[in-house]
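Listed below, chain by chain, are the residues.
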Amino acid sequence: MRYFLDTEYDGFGGKLLSLALVPEDGGEELYVTLDAPATHPWVERHVVPYLDHVPDSLQSPRLPRAAAAEALAHYLAYDEGAEIIADWPEDLAQLSMLLVTGPGQMLPVPGLLLRFVPMPGFSTAANSAVPHNALHDARALRDHLTALD
């Protein structure tokens, strides 16, 4: 299954604030928000106010990093052929690092194919129902790429 990924984080190299995976088939989506505070002024203005703009079914409290990692691992646990697609390399890095739980330790997940698809001229935020919200941006990425298939 192909999943489309978007994340929000606290500025360049900053802590993960939210992560969304949207499956190609329109099935169950994953959206997690972390309890990490934002410190970057742009992120405080343009991201934080929109973290909770998601459907009630995906609304959840801010999670500690370990709980967000568990949610991600559980979501991916049963898909032996998961392909994660992102249009920005930091999104893939944030997802990968969320699975790392300590020195030499990671949560168990099946093998993942991580795919970076650069898209000059396309902006997920500009095409998103709620710009700079990971769930809505991941949906915009899915809609754009599946329309090109």
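Structural notes, computed from the coordinates.

**Brief notes about the overall build of the chain**
Now for step 1: A count of helical and extended segments in the chain gives four helices and seven strands.
Now for step 2: Taking 15 Å as the expected radius of gyration for a compact globule of 149 residues, we find that the chain reaches 14 Å, a close match to that expectation.
Now for step 3: Dimensions along the principal axes, computed over C-alpha positions, put the chain at roughly 40 × 35 × 30 Å.
Now for step 4: Burial status across the chain gives 48% buried among its 149 residues.
Now for step 5: Sequence-distant contacts, at least 24 apart, represent 66% of the contacts inside the chain between residues at least 6 apart.
Now for step 6: When the accessible surface of the chain is totalled, it reaches about 7,600 Å², and 59% of it is carbon and sulfur.
Now for step 7: Each charge class in the chain can be summarised by its mean position, and for the 8 positive and 21 negative side chains these summaries are 4 Å apart.

**Describing the environment of Asp-91**
Now for step 1: If you trace the backbone, Asp-91 turns up in helix α3 (residues 89–99).
Now for step 2: Using a relative accessible area of 3% as the deciding quantity, one classes Asp-91 as buried.
Now for step 3: Sequence separation between Asp-91 and Leu-113 is 22 residues; the distance between their C-alpha atoms is 14 Å.
Now for step 4: Dropping the residues within four chain positions of it, Asp-91 is found in contact with Leu-5, Asp-6, Thr-7, Tyr-9 and Ala-86.

**Observations concerning the sheet that holds strand β4 (residues 83–86)**
Now for step 1: Across the sheet, five strands lie side by side as β3-β2-β1-β4-β7; this open sheet has mixed pairing. Each edge of the sheet is formed by a strand with only one pairing partner; in this case those strands are β3 (30–33) and β7 (113–116). For this sheet, the mean angle separating the axes of adjacent strands, direction not counted, is 20°.
Now for step 2: Of the pairings in the sheet, the one linking strand β2 (residues 16–23) to β3 comprises four bridges and is antiparallel in character.

**A closer look at the environment of Trp-88**
Now for step 1: Mapped onto the fold, Trp-88 is located in the loop between β4 and α3.
Now for step 2: For Trp-88, the residues in contact, after removing those within four places along its chain, are Tyr-9 and Phe-116.
Now for step 3: Side chain to side chain, Trp-88 and Tyr-9 meet in a polar contact 3.3 Å long.

**Description of the packing of helix α2 (residues 65–76) against α3**
Now for step 1: Contact geometry of α2 with α3 gives a least axis separation of 8 Å together with a crossing angle of 100°. Here α3 runs roughly perpendicular to α2, going by the angle between their axes. Contact residues: Arg-65, Ala-68, Ala-69, Leu-72 and Ala-73 in α2; Leu-95, Met-97, Leu-98 and Leu-99 in α3.
Now for step 2: Across the contact of α2 with α3, the residue classes break down as eight nonpolar, no polar and one charged.

Parameters and conventions
Residues numbered from 1 in each chain as written. Predicted model: local features only at pLDDT ≥ 70, side-chain atom pairs only at ≥ 80, totals over all residues. Heavy atoms only, no water. Helix = DSSP H or I, 4+ residues; strand = E, 2+ residues; numbered from the N terminus. Rg over C-alpha atoms; globule rule 2.2 N^0.38 Å. Buried < 20%, exposed > 50% of the residue type's maximum accessible area, 1.4 Å probe, protein only. Contact = heavy atoms within 4.5 Å. Areas by Shrake-Rupley, 256 points an atom, 1.4 Å probe, with all protein chains shown as cover. Lys, Arg positive; Asp, Glu negative; His and termini not counted. Charge placed at Lys NZ, Arg CZ, Asp CG, Glu CD. Pairing = 2+ DSSP bridges. Axes fitted to C-alpha atoms, helices over the stretch in contact; angles between N-to-C directions. Polar contact = N/O pair within 3.5 Å; in protein donor to acceptor, adjacent residues only side chain to side chain. Parallel < 35°, antiparallel > 145°, perpendicular 65-115°, else oblique. Nonpolar A, V, L, I, M, F, W, Y, C, P; charged D, E, K, R; others polar.

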